[in-house]
Every structure is written in structure tokens, then in C-alpha cells.
Amino acid sequence: DPEREAKFRHEHPLAAQMFELSGRLMKEPDARGWVPHDASEEHPLIELGSSAARAGAKLAGGLNGCDWPPPVDGCAGVIVRLKRAREYLDDALRAGEACAEEGLGESVWLAAVRAELEQIARECDGLIAELRAKLERGCD
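Structural notes, computed from the coordinates. (Residues numbered from 1 in each chain as written. Predicted model: local features only at pLDDT ≥ 70, side-chain atom pairs only at ≥ 80, totals over all residues. Heavy atoms only, no water.)

1. Digging into the environment of Glu97
Mapped onto the elements, Glu97 comes out in helix H4 (residues 72-102). Through-space distance from the C-alpha of Glu97 to that of Ala115 is 12 Å; in sequence the pair is 18 residues apart. (Helix = DSSP H or I, 4+ residues; strand = E, 2+ residues; numbered from the N terminus.)

As C-alpha cells, this is what we get:
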């Protein structure tokens, strides 16, 4: 069914933005030589990318492939995914703070990344609030 297939291919703009950002965060630090070859997963630049990727996966799971806003009976499940994405966004923001404190990466690059993460986090908070309000109203 082409109509059903198109629905599942629908990508929410916030999930798409997070996917693009996480891809950059996974590749750029290494490509620019900012991550030592023997760095552990706890290295702040690695943690920044991996937390962003986890947030992106949760946003995609909650937002992609469905109409917005979801019906009332789907709101709770989407809220759960968005709250989990928000936790990963907080992890990425903390990793960004650690990068700034340790002088990792270029300061201009890092400031732009942190600003974009904060913007995505605010939008995620807005979506959660919208869905909670819909649940309180209890109607579509």
C-alpha cells in the first residue's frame, strides 16, 4: 500500500535535525583529530556524539512514521520516548560542558553544537508539554 508506506517514511523535522547533528558529532571530532586514538567511551567528545545518537534514535522512534499530534491513545507512548530522548540530550549537554571545561574541540564549533542541542531540547520539552495537555483534555 503506497499510502501506508509513505506514512512510515514520514520523518519528523526534529528527528531529522537530531539525526543530522548526531552524524556530525560522531564524525567531525575524529576527522579533525580532536579524539586520541586510544580514547575510551568516556572521552567527552565521544560521549557527546554517542549521547546525541541515542537521543536521535528515541526522537525517531517517537516522532517518525506518524501523524502529529498523535491520537490520545498514542500520546503516552510518545511522551515516554521523548522523555528518554530528553535524558540523552541532557547527557550530551553535560558532555558538551565537559568539552568546554577541558578545552576539547574548537570553541566556536562547540558553542554552535551546544546551542543546537539546547534548541532541540527546548523543542522536545514543548512537544512533551503539548502531548500532556492533549492527555489532560482527553480528546482528539
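Here the narrative resumes, following the displayed structure.
2. Describing helix H5 (residues 107-137)
Residue pairs spaced three or four apart in an α-helix point in one direction, given the helix's 3.6 residues per turn. The end-to-end C-alpha separation of H5 is 45 Å, in line with the 45 Å expected for 31 residues at 1.5 Å each. Taken residue by residue, H5 has Trp109, Leu110, Val113, Glu116, Leu117, Ile120, Ala121, Cys124, Leu127, Ile128, Leu131 and Lys134 as its buried positions. Buried residues along H5 sit against helix H2 (13-31), helix H3 (44-63) and H4. One or two positions beyond H5, positive phi appears at Gly138, with a value near 75°. (Expected span 1.5 Å × (residues − 1). Buried < 20%, exposed > 50% of the residue type's maximum accessible area, 1.4 Å probe, protein only. Contact = heavy atoms within 4.5 Å.)

3. Some remarks on unusual backbone geometry
Note the cis peptide between Trp68 and Pro69, where omega equals -10°. Inspection of the secondary structure assignment puts Pro69 in the loop between H3 and H4.

4. Re the state of the cysteines
By definition, a disulfide links two cysteine residues through a covalent bond between their sulfur atoms. Tallied over the entire structure, the rule returns 0 disulfides. In this model Cys66 remains outside any disulfide bridge; the closest cysteine sulfur is found in Cys75, 9.8 Å from its own. (Disulfide = S-S within 2.5 Å.)

5. Topic: the environment of Gly33
Inspection of the secondary structure puts Gly33 in the loop between H2 and H3. Once the C-alpha coordinates of Gly33 and Pro44 are considered, the two residues, 11 residues apart in sequence, prove to be 14 Å apart.

6. A few points about the packing of H2 against H3
Two elements in contact, H2 and H3, have axes whose closest approach is 8 Å; the angle formed by their N-to-C orientations is 160°. The orientation of H2 with respect to H3, classified from their angle, is roughly antiparallel. In the crossing of H2 with H3, the sense of the turn from one axis to the other is left-handed. On H3, the residues touching Leu14, Ala15, Met18, Ser22, Leu25, Met26 and Pro29 of H2 are Leu45, Leu48, Gly49, Ser50, Ala52, Ala53, Ala55, Gly56, Leu59, Ala60 and Leu63. Across the contact of H2 with H3, the residue classes tally to 14 nonpolar, 4 polar and no charged. (Axes fitted to C-alpha atoms, helices over the stretch in contact; angles between N-to-C directions. Parallel < 35°, antiparallel > 145°, perpendicular 65-115°, else oblique. Left-handed = near helix turned anticlockwise from the far one by under 90°. Nonpolar A, V, L, I, M, F, W, Y, C, P; charged D, E, K, R; others polar.)

7. So, the pattern of salt bridges
Using the criterion set out here, one finds 8 salt bridges in the structure. For Arg24, the salt bridge identified is with Glu116, shortest N-O distance 2.8 Å. In this pair, Arg24 is assigned in helix H2 and Glu116 in helix H5, connecting sequence segments 92 residues apart. Among the salt bridges present, the one from Arg32 reaches Glu28, with a minimum N-O distance of 3.4 Å. Sharing partners across several salt bridges, the network here consists of Glu20, Arg24 and Glu116. (Salt bridge = Lys/Arg side-chain N within 4 Å of Asp/Glu carboxyl O.)

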